[in-house]
Amino acid sequence: MKRGRFITLEGGEGAGKTTAAALIERWLLERGRTVVRSREPGGTPAAEKIRHLLLDPETGELDPMTELLLMFSARRENLVRMIEPALARGDDVLCDRFTDASRAYQGGGRRLGIQLVNRLAALVHPGLEPDLTLLLDVSVETGMQRVAGRGKAADRFEQSRTDFLERVRAAYLTQARLEPERIVVIDADRSLAEVERQIIRALERCLL
Ligand code: T5A
């Protein structure tokens, strides 16, 4: 049985990942693939409980290391119960965020540094990185306008200050420069139609 492909979506707040995930799933299904969708933090009942704790504004400020460890606790659950079994069955896994989000938000945004995140990654998912990561890069201003436009209450991360979100964006772009083969940067400031065109081009180049 050929192992499935592990595809992740990344980006700052309001980058358009949820919108892009639907497009990518359709593209894969049209090519006869079986697709398992997941998200992080979350993906399993226990990991969704950790997600609630992490995103709920009532949680308040967390020690950055506590926040990072909770992200990796949720990730381990998702990996062991969802991601690994699906890949082993030959299904493609499409995950809304994975360890690049920890590199960007906790490594960059919370200033814990990339090395610490990479050490935890080596413990929690040794030898596993996504086959393809689409980084939807959006300016902080545009992303926050989109989040506000949705009319839902802001979660704990969406309430962050601009300088935090700028560090997150910079850390994502640094990671993309370090791993150009795996991480494709999509200019998500553009119109929905143009973003879709860029995503399809990336899928055709990397997955066909
Ligand atoms: N986190 C996560 C960490 O800190 N560390 C970690 O390790 C992990 C895994 C998770 C939070 O946890 C943090 C990061 C996050 O803050 P989340 O739900 O994954 O939360 O992240 P969000 O960014 O909050 O996801 P959202 O679902 O809110 O945003 P999306 O999916 O990026 O954006 P989407 O598709 O909902 O689009 C937002 C709005 O913009 C419109 C859409 O229609 C929608 O209304 N839109 C566009 N409008 C114009 N032009 C375009 N190109 C558009 N694309 C989308």
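To keep things clear, this report deals only with the structure shown in the data block. The structure presented is a predicted model; accordingly, all values stated were derived computationally and were not measured.

With that out of the way, let us pick up the packing of helix α3 (residues 64–89) against helix α5 (residues 114–124). Two elements in contact, α3 and α5, have axes whose closest approach is 11 Å; the angle formed by their N-to-C orientations is 25 degrees. The angle between the axes of α3 and α5 places the two elements in the roughly parallel class. The chirality of how α3 crosses α5 is right-handed. Of α5, the residues touching α3 (which contributes Met65, Leu68, Leu69, Phe72, Arg75, Arg76 and Leu79) are Leu116, Val117, Leu120, Ala121 and Val124. Looking at side-chain class alone, the contact of α3 with α5 contains 10 nonpolar, no polar and 2 charged residues.

Counted according to the given criterion, the structure contains 4 aromatic pairs. Taking the centre distance of 5.7 Å and the plane angle of 90 degrees together, the rings of Tyr105 and Phe157 count as edge-to-face. Separated by 52 residues along the polypeptide, Tyr105 in helix α4 (residues 99–109) and Phe157 in the loop between α6 (140–149) and α7 (162–178) bring together distant segments of the chain. Look at Tyr105 and you get buried, because its relative accessible area is 5%. Taking 6.3 Å as the distance between ring centres and 85 degrees as the angle between the ring planes, the aromatic pair formed by Tyr105 and Tyr172 counts as edge-to-face. Of this pair, Tyr105 sits in helix α4 while Tyr172 sits in helix α7, and the two are 67 residues apart along the sequence. Residue classification places Tyr172 among the buried positions, given a relative accessible area of 4%. An aromatic cluster of three or more residues is present, and its members are Tyr105, Phe157, Phe164 and Tyr172. Stacked on the ring of Phe98, the Lys or Arg Arg75 has its end atom at 5.3 Å from the ring centre. In this arrangement the basic side chain of Arg156 is found over the ring face of Phe157, its NZ or CZ atom lying 5.0 Å from the centre.

A separate point is the site of the ligand. Taken together, 28 residues sit near the ligand, with Glu13, Thr18, Thr19, Ser102 and Arg150 positioned nearest. At 2.9 Å from a nitrogen atom of the ligand is found a side-chain nitrogen or oxygen belonging to Gln106. At 2.4 Å, a side-chain N or O of Arg150 approaches an oxygen atom of the ligand. Spatially, the ligand is embedded in the largest pocket. Elements with a minimum of two residues in the shell around the ligand: α1 (17–30), α2 (45–55), α3, α4 and α8 (192–207).

On to the sheet that holds strand β3 (residues 92–96). Note on sheets: strands pair through backbone hydrogen bonds, and any given pair is parallel or antiparallel. Reading across the sheet, the 5 strands line up as β2-β3-β1-β4-β5 and stay open at both edges, with parallel pairing between neighbours. This sheet does not close on itself; its edge strands, each paired only once, are β2 (35–39) and β5 (183–187). Here the strands of the sheet are splayed against their neighbours by 20 degrees on average, with no regard to which way each runs. As paired strands, strand β1 (residues 6–11) and β3 are joined by 4 bridges and run parallel to one another. Its bridge partner lying in β3, Leu9 is registered against Asp96. Docked against the sheet, α4 engages β1, β4 (132–137) and β5, running at close to 20 degrees with respect to β1.

Cut-off values and rules
Residues numbered from 1 in each chain as written. Predicted model: local features only at pLDDT ≥ 70, side-chain atom pairs only at ≥ 80, totals over all residues. Heavy atoms only, no water. Axes fitted to C-alpha atoms, helices over the stretch in contact; angles between N-to-C directions. Helix = DSSP H or I, 4+ residues; strand = E, 2+ residues; numbered from the N terminus. Parallel < 35°, antiparallel > 145°, perpendicular 65-115°, else oblique. Left-handed = near helix turned anticlockwise from the far one by under 90°. Contact = heavy atoms within 4.5 Å. Nonpolar A, V, L, I, M, F, W, Y, C, P; charged D, E, K, R; others polar. Phe/Tyr/Trp six-rings, centres within 6.5 Å; stacked < 30°, edge-to-face > 60°. Buried < 20%, exposed > 50% of the residue type's maximum accessible area, 1.4 Å probe, protein only. Lys NZ or Arg CZ within 6 Å of the ring centre and 35° of its normal. Near = heavy atom within 4 Å. Polar contact = N/O pair within 3.5 Å; in protein donor to acceptor, adjacent residues only side chain to side chain. 1 Å grid on protein atoms, 1.4 Å probe; cavity = no way out; pocket = protein on both sides within 12 Å on 5 of 7 lines; lining within 4 Å. Sits in = over half its atoms within 2 Å of the grid points. Pairing = 2+ DSSP bridges.

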